[in-house]
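Report on the structure
Read off the chains here:
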Amino acid sequence: MTNIYSSPLAERYASQTMLELWSPATRYGLWRRLWLALAESERELGIQIPDDAIRQMRANLDKIDFNAIAAYEKRFRHDVMAHVHAFGDVAPAAKPFIHLGATSAYVTDNADLILMRRGLDFLRGRVLDVLRSLAAFAERWRGQPTLGYTHLQPAQLTTVGKRATLWMQDLVLDLEDVDYRRRTLPFRGVKGTTGTQASFLELFEGDHEKVKRLDLMVTEKMSFPAPLPVTGQTYTRKLDAFVLSVVAGIAASAAKFSGDIRMLQSFGEMEEPFENEQVGSSAMAYKRNPMRAERIASLARFVNSLEGNANQTHAVQYFERTLDDSANRRLVIPEMFLATDAILLLMSNISSGLEVHTAVIERRIAAELPFMATEQLIVRAVKAGGDRQVAHETIRKHSLETARAMKQGAEANDLLERLARDKSFGVKLKDLEGAADAKRFIGRAPEQVDEFLRDVITPLFAGHTGKAERAEELRV
């Protein structure tokens, strides 16, 4: 333990890879790469920048002296200028040219766009890992009948595997959003102090075409499809809102999954993994709590509470920019990615180790299914020579009596036995039980699972052969 606060996302929840993505080393290494791309492009367009300057910049992209930077920032009270000077110290031939014509947002904004795009790529891999686990689960349990629920009340039967495809469908829609945003995310590019490119026009002695080419050249060097056509000092913060909406959508899908798992575990039908020596409660030794699913819910609530923040920030960026976005974005953007990474780690762990308790599921079906079989029971009675209206009234009367008995402690639903004993109904118990076979009530659920896995899920795995990274040890 130390006497300095450290974020739980770093200490307990997020993966090492996502932490490294948002680390100072990665961020400031990108700043140097952006300065290199700018200098290279300016040189290619005719600015006299020596070979040694480019060579020294390239050789020191990741040799960052954070102590020196801290000393510079204490002097200058400006983070970008601190890094400019520290980069110049290790690349002295480039010192006169680093940041030439640029404003701070050139490195800060463009680096943020690169980081968010990489973050989306990594979350995409995490989602695919979850889908792979859920696909195996859905296939295994494709035909296992289980109670469906509408209004959180027992409803028409579905299957355990079909329910898993509902969780998967949400993630598939999230992937479509990720792919669209990843594909269309623009670069800020090279726009100057207030977005007019005035400094670069001066640098190239009024040559508009060279200024336009510089913008496109740097954008291409940083592997973006296109720069924004126009910006103020910063790129429009609407881009943050777009990206963070996708991230929040993933968290919301996971929260829906976690809520279902928590309720199913409460019913006793399914349980999340539980380690051999895991403790469920410090006082109640018998407890087996859905703590992973609960943690997903907790982290997802945090992520979704931040989503609206991005639009609020965008709305108050007066004119060409204000600085009230800076401290806010330093917190919100990385933490949304880190928390969603943690959520998907948990979701992958749960989905790869879900336990299904068929005896409990079948017992719960048996308690409800006779009530759901009313229409089929009426048909059986009419086929046996009875009157439809009489059959309906007989079922209604016995259903109410059976429900009352169950509420008062009866161990089982004996509606079918009651009807078989009622001579006015005229159908034997064996025939009634045939009408109430659970597999008669699951519709096309097994076939829907097969079709969904074949037509939707399998194509998503093309080109994705394994885990997004080395396996992370889940810290629970």
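Residues numbered from 1 in each chain as written. Predicted model: local features only at pLDDT ≥ 70, side-chain atom pairs only at ≥ 80, totals over all residues. Heavy atoms only, no water.

**So, the domain arrangement of the chain**
Quick note on the threshold: Where each domain starts and ends follows an automatic or database-derived domain assignment. By definition in these notes, contact holds between two residues if any of their heavy atoms fall within 4.5 Å. Defined in terms of a 1.4 Å probe, buried area is the accessible area two parts forfeit on being brought together, summed over both. We define a salt bridge as a contact between a side-chain nitrogen of Lys or Arg and a carboxyl oxygen of Asp or Glu at a distance within 4 Å. Polar contacts, as used here, are pairs of N or O atoms within 3.5 Å; protein pairs need one atom able to donate a hydrogen and one able to accept it. Residues neighboring in sequence count only if both atoms are side-chain atoms. Secondary structure elements follow DSSP: runs of H or I of four or more residues count as helices, runs of E of two or more count as strands, with numbering from the N terminus. In this classification, Asp, Glu, Lys and Arg are treated as charged, Ala, Val, Leu, Ile, Met, Phe, Trp, Tyr, Cys and Pro as nonpolar, and every other residue, Gly included, as polar.
For the chain, the assigned domains are domain 1 (21-94), domain 2 (104-358) and domain 3 (374-435). Relative placement of domain 1 and domain 2: their C-alpha centres are 31 Å apart. The interface of domain 1 with domain 2 comprises 20 residues on the first partner and 29 residues on the second. Summed over both partners, the interface of domain 1 with domain 2 buries about 2,300 Å², with 75% contributed by carbon and sulfur atoms. It is Trp 22, Leu 34 and Leu 45 that lose the most area in domain 1 upon contact with domain 2, and together they represent 36% of the buried surface on that side. A salt bridge links Arg 330 to Asp 79, with the nearest nitrogen and oxygen atoms 3.1 Å apart. The tally of links from domain 1 across to domain 2 stands at five residue pairs in polar contact (both at pLDDT 80 or more). Secondary structure elements with two or more residues in the side of domain 1 that touches domain 2: α3 (24-44) and α6 (79-90). In terms of residue class, the side of domain 1 that touches domain 2 is built from eleven nonpolar, three polar and six charged.

**Considering the confidence of the model for the chain**
Just so we agree on the cut-off: Confidence per residue, as judged by the predictor, is encoded in pLDDT with a range of 0 to 100.
Within the chain, residue pLDDT values average 91, and 94% of them lie at 70 or more. Across residues 468-476, where pLDDT falls below 50, the model places 27 contacts with residues more than four positions away in sequence or in other chains.

**Description of helix α10 (residues 208-221)**
Put simply, the rule reads: Given the number of residues in a helix, its expected span is that number minus one, multiplied by 1.5 Å. Working definition: with a 1.4 Å probe on protein chains only, accessible area under 20% of the residue-type maximum means buried, over 50% means exposed, and in between means partly exposed.
Here α10 contains 14 residues, and its C-alpha end-to-end distance of 20 Å stays within 8% of the 20 Å for a straight helix at 1.5 Å per residue. Among all positions of α10, only Val 211, Leu 214, Asp 215, Met 217, Val 218 and Thr 219 are buried. If you follow the buried residues of α10, they end up packed against α3, α7 (104-140) and α9 (198-203).

**Comments concerning the environment of Ala 297**
Position of Ala 297 relative to the elements: it lies in helix α12 (residues 291-315). Between the C-alpha atom of Ala 297 and that of Ser 245, which follows or precedes it by 52 residues, the distance is 17 Å.

**Topic: α3**
Counted at 1.5 Å a residue, the expected span for α3 with its 21 residues is 30 Å, and the 30 Å between its end C-alpha atoms agrees. A large share of α3 lies buried, amounting to 15 of its 21 residues. Backbone geometry just downstream of α3 places Gly 46 in the positive-phi region, at approximately 115°.

**Comments concerning the pairing of strand β2 (residues 153-159)**
Stated precisely, the cut-off is as follows: The pairing criterion for strands is at least two bridges between them, as found by DSSP.
Pairing of strand β1 (residues 145-150) with β2, which is carried by five bridges, proceeds in the antiparallel orientation. Paired with Thr 150 across the bridge in β2 is Gln 153. Counting the residues that bridge the hairpin from β1 to β2 gives two residues, and of these His 151 lies at a positive phi of roughly 60°.

**Points about the pattern of salt bridges**
Scanning the entire structure with this criterion turns up 28 salt bridges. Residue Asp 215 pairs with Lys 191 through a salt bridge whose shortest N-O separation is 2.8 Å. Of this pair, Asp 215 sits in helix α10 while Lys 191 sits in the loop between α8 (160-184) and α9, and the two are 24 residues apart along the sequence. Taken together, the shared-partner salt bridges in this structure form one network comprising Arg 27, Asp 112, Asp 240 and Arg 329.

**Brief notes about the packing of helix α11 (residues 238-267) against α12**
To keep it simple, the criterion reads: Inter-axis angles, ranging from 0 to 180 degrees, are taken between N-to-C directions of lines fitted to C-alpha atoms, where helices are fitted over the stretch in contact. Here roughly perpendicular refers to angles of 65 to 115 degrees, roughly parallel to angles under 35, roughly antiparallel to angles over 145, and oblique to all remaining angles. Handedness of a crossing is defined here by the sense of rotation of the near helix relative to the far one, left-handed for an anticlockwise turn of less than a right angle and right-handed for a clockwise turn.
Between α11 and α12, whose axes approach to 8 Å, the crossing angle comes to 160°. Relative to α12, the element α11 lies roughly antiparallel. Our pair here, α11 against α12, has a crossing hand that is left-handed. Class assignment of the residues belonging to the contact of α11 with α12 gives a composition of 16 nonpolar, five polar and five charged.

**Some words on empty space enclosed by the protein**
For the record, the criterion: A cavity here means a set of points on a 1 Å grid, drawn over the protein atoms and nothing else, where a 1.4 Å probe fits but cannot get out; a pocket is an open set with protein on both sides within 12 Å along at least five of seven lines, and a residue lines either one if it has an atom within 4 Å of a point. Grid points are joined across faces, edges and corners, and a volume is the space filled by probe spheres set on the points.
One pass over the full model with this rule turns up one cavity of 30 Å³ or more. Estimated volume of the largest cavity: approximately 60 Å³. Taken together, Arg 237, Asp 240, Leu 244, Asn 309, Ala 310, Thr 313, Asn 328, Arg 329, Val 332 and Ile 333 make up the full set of residues lining the largest cavity. Of all elements in the fold, only α11, α12 and α13 (326-351) reach the threshold of two or more residues within the lining of the largest cavity. In terms of residue count, α13 provides more of the lining of the largest cavity than any other element does, four residues in total.

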